[in-house]
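Examination of the molecular architecture
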Amino acid sequence: MSKPLAVPADAEHVVIDYLTSALVAHGQDVTVGVDVPIAWTLTGTTATKPHVQVALDGTPVMQYPILWRTTVRVTVWAGSTTTAKALVALAQGLLLSHPGSTQVGSIRPLTGTLPTRDPATGAQLATCTVQVNLLGAEL
């Protein structure tokens, strides 16, 4: 008897696709992606539009072929701490209210908002992590 071939969706792309549309629906003019845009800058107190960076921090639990529990980190790059914290809190709230799909069983909180500053660029950052429970898709 053979096991079914099942694979999860790419957690980063699932989160990027969802946050891109959800943030626009909430009136946010931001970029969303794995990498910070090359053109993103902070000059004085003025920054290009905020960026929401999404990164996969690992898959510590797997219940093959049904479930992959991934850790996804969301980091906001902004010109002010207030903007970064508010935007990462909104992003986390949107992710936690994800309705579920054929790819996502649920999303759970891990860490709350953690502010910091990037010493290289001067950008104000805020980050959070969530557990994205991906459903296996049989091939």
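Notes on the structure in this doc start here.

Cut-off values and rules
- Every chain is numbered independently, its residues counted from 1 as its sequence is written.
- In keeping with the predicted nature of the model, local features appear solely for residues at pLDDT of at least 70, side-chain atom pairs appear and are counted solely at 80 or more, and the whole-chain, interface and lining totals rest on all residues.
- Side-chain descriptors were evaluated using all non-hydrogen atoms of the structure, hydrogens and water having been removed beforehand.
- Put simply, DSSP H or I for four residues or longer makes a helix, DSSP E for two residues or longer makes a strand, and each gets a number counted from the N terminus.
- The cut-offs for exposure are 20% and 50% of the maximum accessible area for each residue type, with area from a 1.4 Å probe on protein chains only; residues under the lower value are buried, those over the upper are exposed, and the others partly exposed.
- For this analysis, residues touch if any pair of their heavy atoms sits within 4.5 Å.
- All accessible areas in this document rest on Shrake-Rupley with a 1.4 Å probe, and a residue is counted as covered only by the protein chains that are shown.
- The charge count treats Lys and Arg as positive and Asp and Glu as negative. His and the chain ends do not count.
- Throughout, a charge is located at the NZ atom of Lys, the CZ atom of Arg, the CG atom of Asp or the CD atom of Glu.
- Here, nonpolar core refers to any group of buried Ala, Val, Leu, Ile, Met, Phe, Trp, Tyr and Cys residues whose side-chain atoms link them within 4.5 Å.
- Any two of the Phe, Tyr and Trp rings considered here, Trp counted by its six-membered ring, make a pair once their centres fall within 6.5 Å; the pair's planes then place it as stacked at under 30 degrees, edge-to-face at over 60, or tilted in between.
- Any residue with relative accessible area above 30% and no salt bridge may belong to a patch, with like charges joined within 9 Å and the nonpolar Val, Leu, Ile, Met, Phe, Trp and Tyr side chains within 5 Å.
- The term salt bridge refers to a side-chain nitrogen of Lys or Arg lying within 4 Å of a carboxyl oxygen of Asp or Glu.
- N or O atoms closer than or at 3.5 Å make up a polar contact, with two conditions inside protein: a donor-capable atom paired with an acceptor-capable one, and, for residues adjacent in sequence, both atoms drawn from side chains.
- For two strands to count as paired, DSSP must find a minimum of two bridges between them.
- Where helices are involved, their axes are fitted lines through C-alpha atoms of the stretch in contact, as for all axes, and angles between N-to-C directions lie from 0 to 180°.
- For classification purposes, angles smaller than 35 degrees are called roughly parallel, those larger than 145 roughly antiparallel, those between 65 and 115 roughly perpendicular, and all remaining angles oblique.
- Helix crossings get a hand from a simple test, with the near helix turned counterclockwise from the far one by less than a right angle marking a left-handed crossing and a clockwise turn marking a right-handed one.
- By the convention adopted, Pro, Cys, Tyr, Trp, Phe, Met, Ile, Leu, Val and Ala count as nonpolar, Lys, Arg, Asp and Glu as charged, and the other residues, Gly among them, as polar.

Here the focus is the overall build of the chain. When helices and strands are tallied, the chain shows 2 helices and 10 strands. When the backbone C-alpha atoms are referred to their principal axes, the chain occupies close to 65 × 30 × 25 Å. Looking at the chain as a whole, 40% of its 139 residues are labelled buried. Taking the intrachain contacts of the chain between residues at least 6 apart in sequence as the baseline, contacts between residues at least 24 apart amount to 59%. A total accessible area of about 7400 Å² is found for the chain, and carbon and sulfur atoms account for 58% of it. The average position of the 7 basic charges and that of the 8 acidic charges among the side chains of the chain differ by 9 Å.

Residues Leu19, Leu23, Val32, Val52, Val74 and Val132 are the most contacted members of the largest nonpolar core, which totals 31 residues. Counting only elements with at least two residues in this core, the list comes to helix H1 (11–25), strand E5 (51–63), strand E6 (67–78), helix H2 (81–96), strand E7 (104–109) and strand E9 (124–135). Ranked by residue count, the leading element in this core is H1, at 7 residues. Filtering out sequence-adjacent residues up to four positions away, valine 132 remains in contact with Val15, Trp68, Arg69, Thr70, Val72, Val104, Ser106 and Ile107.

When you line up the elements, glycine 33 lands in strand E2 (residues 31–33). Taking C-alpha positions, glycine 33 is 7.9 Å from histidine 51, a pair spaced 18 residues apart along the chain.

Our next topic: the packing of aromatic side chains. Within a pair of aromatic rings, the relevant descriptors are the distance that separates the centres and the angle that separates the planes. Applying the stated criterion to the full structure yields 2 aromatic pairs. Both rings, one in tryptophan 40 and one in tryptophan 77, keep their centres 5.8 Å apart while their planes meet at 70°; by these two values the pair is edge-to-face. With tryptophan 40 in the loop between E2 and strand E3 (42–43) and tryptophan 77 in strand E6, the pair connects residues that are 37 residues apart, well separated along the chain. With respect to burial, tryptophan 40 and tryptophan 77 carry one shared label: buried.

Judged by side-chain polarity, Leu5, Val7, Met62, Tyr64 and Leu139 come together as a nonpolar surface patch covering roughly 500 Å² of accessible area. Looking at the element boundaries, valine 7 is found in strand E1 (residues 6–7).

Turning to the side chain of threonine 75, a few remarks are in order. Among the secondary structure elements, threonine 75 is positioned in strand E6. Accessibility expressed as a relative area gives 9% for threonine 75, which makes it buried. Among the polar contacts made by the side chain of threonine 75, one reaches the side chain of threonine 127 at a distance of 3.2 Å. Discounting chain neighbours no more than four positions away, the residues touching threonine 75 are His51, Val52, Gln53, Leu125, Ala126 and Thr127.

Moving on: the pairing of strand E8 (residues 114–117). As paired strands, E8 and E9 are joined by 4 bridges and run antiparallel to one another. By the bridge assignment, leucine 114 is partnered in E9 with threonine 127. Linkage of E8 to E9, two consecutive antiparallel strands, is achieved through a turn of 6 residues, within which glycine 122 is found at a positive phi near 85°.

Time to look at the packing of H1 against H2. Where H1 contacts H2, the two axes come as close as 10 Å, and the packing angle between them is 110°. In this view, H1 runs roughly perpendicular relative to H2, as classed from their interaxial angle. Between H1 and H2 lies a crossing whose hand is right-handed. From H1, Val15, Tyr18, Leu19, Ala22 and Leu23 reach across to H2, where they touch Leu87, Leu90, Ala91, Leu94 and Leu95. In terms of residue class, the contact of H1 with H2 is made up of 10 nonpolar, no polar and no charged.

Geometric descriptors of this kind do not, in isolation, establish any biological role.
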